[in-house]
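Each chain, letter by letter, is given below.
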Amino acid sequence: MEKGKGRVCSLCNEKRAALKRPKTLEQICRECFYTVFEDEIHRVIVDNQLFKPGERIAIGASGGKDSTVLAYVMSELNRRHNYGLDLFLLSVDEGITGYRDDSLETVKRNEIQYGLPLKVVSYSELYGWTMDEIVKLIGLKNNCTFCGVFRRQALDRGAALLKVDKLVTGHNADDIAETVLLNILRGDIARLSRCTSIITGEDGPIPRCKPFKYTYEKEISFCGCFVLDKQLSNHDDRPRAILDIIKSGEDFRISTSTKMPEQGICERCGYISSQKWCKACVLLEGLNRGLPKLGIGRSRGVRGEINSEHNANMKPANGTKNLQSKQCGSLDF
Amino acid sequence: MACQSGCYKDSSIGPEDSPLVTKKNEAPNDVVDDRRSTQHLDNGICFKCKVNRTIAAANGVGDFNGGDNGRFCADCFRSNLFGKFRLSVTANAMISPSDNVLVAFSGGTCSRVALQFTHEMQSKAQKNYEASRDRALPVFGVGVAFIDEKAISAVSSDDLDRAIEEMKFIVSDLAPPVKQFHVVPTEAIYSLKAGDAKDRLNELINAVSDVTGKEDLLEHFRMLALQKIALENGYTKVLLGTCTSRIACHVLEATVKGRGYSLAADIQYVDARWKIPVVLPLRDCPIHELNMLCRLDSLMTVEVFNGTHAGINGLISSFVKLLQEENPSRESTIMRTAGKLTPFHFNKMPEDNDYNGQVASRRRQKKYNLKTKDALPPESFCPICNSPLKISTFGTSINSDNRKTSSNAIGAACCASCQFQVLPKDPSSLEHFISLLPPPVSQAEYGDRLSQRQLREQIEDCLLSDNEDGT
């Protein structure tokens, strides 16, 4: 075989291979890539029974590559395999000038391109504050806390507004493998046991699922823009590593009695919360009272204060106190 | 000698107890005293005995590891480390008086400390034995094993011979009681003539194309060789110097290799899936503490085969090293996280151990009961690496009758990780590869699980039916 040119796709044996598939290192052509890429996601959806016919599904759309490809694949597979799903795009507008504008444009393009209804929920609409206003108040430090906490809720609230049955997100295999490793490094056995589930929050009002659980980030990039010049070297030695990490995460012998943080409901807004008030309500209260540092960092005292201040009859929070430090929502899809 | 107050079991390893310490150029306390005058720090006092200078202060260096050298004096540090060793030995019933313990010795820090501590424990038992009236409790025996990997490693035989001489010296210096030193080449896992065995081993190793797979297979062979030495020489326990840092690396390595299920088996204090149970008494000791002890006590170590890893293993060890620099307790966090995974039923000392019947020895055991479920499904093991297999992945293919080809059967019998990184992909070379494998040593006497030998025979039947050329 000649070097460089003349390589034939190892799947169809006809066309010229256009890329080395990150997951298997097979040399395949563009058409075959799309076929295997979409078929794999279809298999994941079918094997895990992610959806039932007639369900309303919101696609969390940020405008980035993962969610854009997710929107494309979901609408394509829904059409091709007759899932019978009602698909919606759901975006969050944090109100950051110059940041979301572009990506919201992308989402709006997706709306037209794939014919999916789009719902944009904005921070100002949900919380009465845009991120710009928050940053003006609290400065450049710690504002990620607000953005992260608010966004997590915003997706759920938007999904509730759309009256959907499930929310799908574009978390990919790389994200999940990273979470597995992070949870090992952090010593969080409880999250380690659930971070590989393809559906989370099944007992909650709106379960979330991740059809890209076994899909490599690079392949999503390929599918999105078909850029070949990306560095491939990382996984060249061992393309299976990411899948193996996920497999390990699934196979870990974690006893079912591993204690999970208890989930209650926020007394103010009704969102799931391990505390009297959910994190968003605490942060919001701080903003509205002009005490923006409330609920930031590990200062349990301050947070305990607000919870007890507003709930004089609150139970002593002995048991739940320890859990307060586990607010890192970003590691837990 | 030892610090005066509240020290952790100081009497057990005071320098006068330990014959080896006498060989040192400078006794530990001299180290402290010599340097005291040069020290200006006021707070450099051991936080345990509150008398002596901390190691860091005594050496006039900062607390560079953020760890024990800034907190302990040399004596307290030593007794603390030995305390961890002894706790894991007693709590897990690792060594009973009638045992004959084989210490795996590579020449490196971890196994050097393991050997030293085992020796100290033995000499203390010896002292107790001589002092006791009835002499009811025998003293456990200790042997030392070095696995010579010359056949598969690029080490000149001169260097190796010198290293072995040094190790011999180390071991002989530890007597009494006399410890036998076994030097056994890896190829001894084959019961063949030396030359044939060596060729066979080389052929097998060269057939593995994946660097990581090669390394893992060799590590497995090391264990096989240790088991063989133990079996042939009447040892009842194999003691490894696996430390916290090594386990932390193994946790991540196993995770990345997709061995999440079997991981819990490898990282416990006791691993009795082997014919001779394997114990890991240094599980709670991080490498920097072991290094420190070697430095303090001038324990001689010998570097034979360079410990650098390749492939995934190398990647992980540099990654963990980096993490450790950023957070000194990262390794133990990793180990404790993985420690919460449910262990297997073979991760405790076998109950039907003959010696447990003796009242005298039972009296001494403080067993912490490992929580394992009673009604455990029989375990089956990968024929290549001996890691337990998940029933769901295993049962489906082996128990069903549609074993059409031999490679199917082998593929089904091995763990996914070995399938990928050890077994050749091409069916004909696969058959040849299987024929080169050494005989298994790993018949742990547990329950009614699927016999590994049976499994092998099944496979080999298939092999012969497909391929006339058996070997």
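Residues numbered from 1 in each chain as written. Chains lettered and ligands numbered in written order. Predicted model: local features only at pLDDT ≥ 70, side-chain atom pairs only at ≥ 80, totals over all residues. Heavy atoms only, no water.

### Concerning the overall build of chain A
Here comes step 1: Along the backbone of chain A there are 14 helices and ten strands.
Here comes step 2: Long-range pairs, those at least 24 residues apart, make up 66% of the contacts in chain A between residues at least 6 apart in sequence.
Here comes step 3: Surface summary for chain A: the accessible area is close to 16100 Å², and the carbon and sulfur share equals 50%. (Helix = DSSP H or I, 4+ residues; strand = E, 2+ residues; numbered from the N terminus. Contact = heavy atoms within 4.5 Å. Areas by Shrake-Rupley, 256 points an atom, 1.4 Å probe, with all protein chains shown as cover.)

### What to know about the sheet that holds strand β5 (residues 118-122) of chain A
All names here are of chain A.
Here comes step 1: Sheet architecture is open: six strands sit in the order β5-β4-β3-β6-β8-β7, paired in mixed fashion. Two strands in the sheet have a free side with no partner beyond their single neighbour: β5 and β7 (199-200).
Here comes step 2: Note that strand β3 (residues 56-60) and strand β6 (residues 166-168) share three bridges and pair parallel. Following the sheet pairing, A58 is matched in β6 by L167.
Here comes step 3: Seen against the sheet, helix α2 (residues 65-80) touches β3, β4 (86-93) and β6 and runs at an angle of roughly 155° to β3.
Here comes step 4: Strands β3, β4, β5, β6 and β8 (208-209) of the sheet are contacted by helix α6 (residues 143-161), whose axis makes an angle of about 145° with β4. (Pairing = 2+ DSSP bridges. Axes fitted to C-alpha atoms, helices over the stretch in contact; angles between N-to-C directions.)

### Comments concerning the pattern of salt bridges
All names here are of chain A.
Here comes step 1: Considering all chains together, one arrives at 33 salt bridges over all chains under this definition.
Here comes step 2: For E267, the salt bridge is made with K276, and the minimal N-O distance between the two is 3.3 Å.
Here comes step 3: Residue classification places E267 among the partly exposed positions, given a relative accessible area of 48%.
Here comes step 4: Because the salt bridges share partners, they merge into one network encompassing R21, K23, E40 and E219. (Salt bridge = Lys/Arg side-chain N within 4 Å of Asp/Glu carboxyl O. Buried < 20%, exposed > 50% of the residue type's maximum accessible area, 1.4 Å probe, protein only.)

### Things to note about helix α7 (residues 173-186) of chain A
Residues and elements named next belong to chain A.
Here comes step 1: Taking 1.5 Å of rise per residue, the 14 residues of α7 would be expected to cover 20 Å, and the 20 Å separating its terminal C-alpha atoms lies within 8% of that figure.
Here comes step 2: Buried within α7 are the following residues: A173, D174, I176, A177, T179, V180, N183, I184 and L185.
Here comes step 3: Residue N172 occupies the N-cap position of α7, its side-chain oxygen lying 3.1 Å from the main-chain nitrogen of D174.
Here comes step 4: The positive-phi residue at the C-terminal boundary of α7 is G187, with phi of around 80°. (Expected span 1.5 Å × (residues − 1). Polar contact = N/O pair within 3.5 Å; in protein donor to acceptor, adjacent residues only side chain to side chain.)

### What to know about the UniProt feature "binding site: ATP" (unreviewed entry) in chain A
All names here are of chain A.
Here comes step 1: As recorded in UniProt, the feature "binding site: ATP" (unreviewed entry) lies at G60, A61, S62, D66, V92, G170 and D175.
Here comes step 2: Turning to its location among the elements, G170 is positioned in the loop between β6 and α7.
Here comes step 3: For G170, a relative accessible area of 13% puts it in the buried group.
Here comes step 4: Not counting residues within four places of it along the chain, the set of residues in contact with G170 comprises D66, L70, D175 and F212.
Here comes step 5: Assignment of secondary structure puts D175 in helix α7.
Here comes step 6: Take D175: its relative accessible area is 22%, and that puts it in the partly exposed class. (UniProt positions renumbered as here; feature names shortened; annotations may be inferred.)

### Digging into the nonpolar core
Residues and elements named next belong to chain B.
Here comes step 1: Among the nonpolar cores identified, the biggest contains 82 residues, and I384 and F433 are the most heavily contacted of them.
Here comes step 2: With nine residues, helix α7 (residues 211-232) is the single largest residue contributor to this core.
Here comes step 3: When residues no more than four places from it in sequence are discounted, the contact partners of F433 are L204, A207, V208, L217, I384, V422, L423 and P424.
Here comes step 4: The next biggest cluster of nonpolar side chains, apart from the first, holds 54 residues, and it includes C110, L115, L290 and L296. (Core = buried A, V, L, I, M, F, W, Y, C linked by side-chain atoms within 4.5 Å.)

### With respect to unusual backbone geometry
Here comes step 1: In the Ramachandran plot, A:L25 falls in the positive-phi region, its phi being about 65° despite a non-glycine side chain.
Here comes step 2: For B:A93, which is not a glycine, the phi torsion comes out positive at approximately 50°.
Here comes step 3: Locating B:A93 in the fold gives a position in the loop between α3 (74-91) and β1 (100-104).
Here comes step 4: Of the residues examined, B:A93 reaches a relative accessible area of 6% and is grouped as buried.

### Some points on α6(A)
Residue and element names in this part refer to chain A.
Here comes step 1: Here α6 contains 19 residues, and its C-alpha end-to-end distance of 26 Å stays within 8% of the 27 Å for a straight helix at 1.5 Å per residue.
Here comes step 2: The complete set of buried residues in α6 reads N143, F146, C147, V149, F150, Q153, A154, L155, D156, G158 and A159.
Here comes step 3: Two residues or fewer after α6 comes K163, characterised by a positive phi angle close to 55°.

### So, the packing of α7(A) against helix α8 (residues 244-256) of chain B
Here comes step 1: Orientation of α7(A) relative to α8(B), taken along the N-to-C sense of each, is 165°, at an axis distance of 11 Å. When the interaxial angle is binned, α7(A) and α8(B) end up roughly antiparallel. As α7(A) packs across α8(B), the resulting crossing turns out to be right-handed. Every residue of α8(B) that contacts α7(A) at A:V180, A:L181, A:I184 and A:L185 is listed here: B:V251, B:L252 and B:T255.
Here comes step 2: Grouping the amino acids of the contact of α7(A) with α8(B) by side-chain chemistry returns six nonpolar, one polar and no charged. (Parallel < 35°, antiparallel > 145°, perpendicular 65-115°, else oblique. Left-handed = near helix turned anticlockwise from the far one by under 90°. Nonpolar A, V, L, I, M, F, W, Y, C, P; charged D, E, K, R; others polar.)

### Some details on the packing of helix α4 (residues 109-131) of chain B against helix α10 (residues 287-296) of chain B
Residue and element names in this part refer to chain B.
Here comes step 1: Look at α4 against α10: their axes get within 9 Å of each other, and the N-to-C directions meet at 65°. Comparing the axis directions of α4 and α10 gives the class roughly perpendicular. Considering the relative orientation of α4 and α10, their crossing is left-handed. On α10, the residues that touch T109, C110, R112, V113 and F117 of α4 are I287, L290, N291, L293 and C294.
Here comes step 2: Split by residue class, the contact of α4 with α10 holds seven nonpolar, two polar and one charged.

### Thoughts on the confidence of the model for chain A
All names here are of chain A.
Here comes step 1: On average, residues of chain A carry a pLDDT of 77, and 79% of them reach 70 or more.
Here comes step 2: Within the model, the stretch residues 226-235 combines pLDDT values under 50 with 20 contacts to residues more than four positions away or in other chains.
Here comes step 3: Note that residues 299-333 has pLDDT below 50 and, in this model, 56 contacts with residues that lie over four places away or in other chains. (pLDDT = per-residue confidence, 0-100.)

### What about the sheet that holds strand β2 (residues 141-148) of chain B?
Residue and element names in this part refer to chain B.
Here comes step 1: Strand order in the open sheet formed by six strands is β3-β2-β1-β4-β6-β5, with mixed pairing between adjacent strands. Where the open sheet ends on each side, the last strands, each with one partner, are β3 (180-185) and β5 (270-271).
Here comes step 2: Note: strand β4 (residues 237-239) against strand β6 (residues 278-279), two bridges, orientation parallel. Following the sheet pairing, L239 is matched in β6 by V279.
Here comes step 3: Contacting β1, β2, β3, β4 and β6, α7 crosses the sheet at an angle of about 140° to β2.

### Some remarks on the pairing of β2(B)
Residue and element names in this part refer to chain B.
Here comes step 1: In terms of burial, β2 is a largely internal element, eight of the eight residues being buried.
Here comes step 2: Judged by which residues are buried, β2 turns out to be covered on both faces: G141, G143, A145 and I147 on one side and V142, V144, F146 and D148 on the other are all buried.
Here comes step 3: As paired elements, β1 and β2 share five bridges and run parallel to each other. The partner of V101 across the bridge, within β2, is V142.
Here comes step 4: Traced from β1 through α4 to β2, the parallel crossover comes out right-handed. (Right-handed = clockwise from strand over helix to strand, strands pointing away.)

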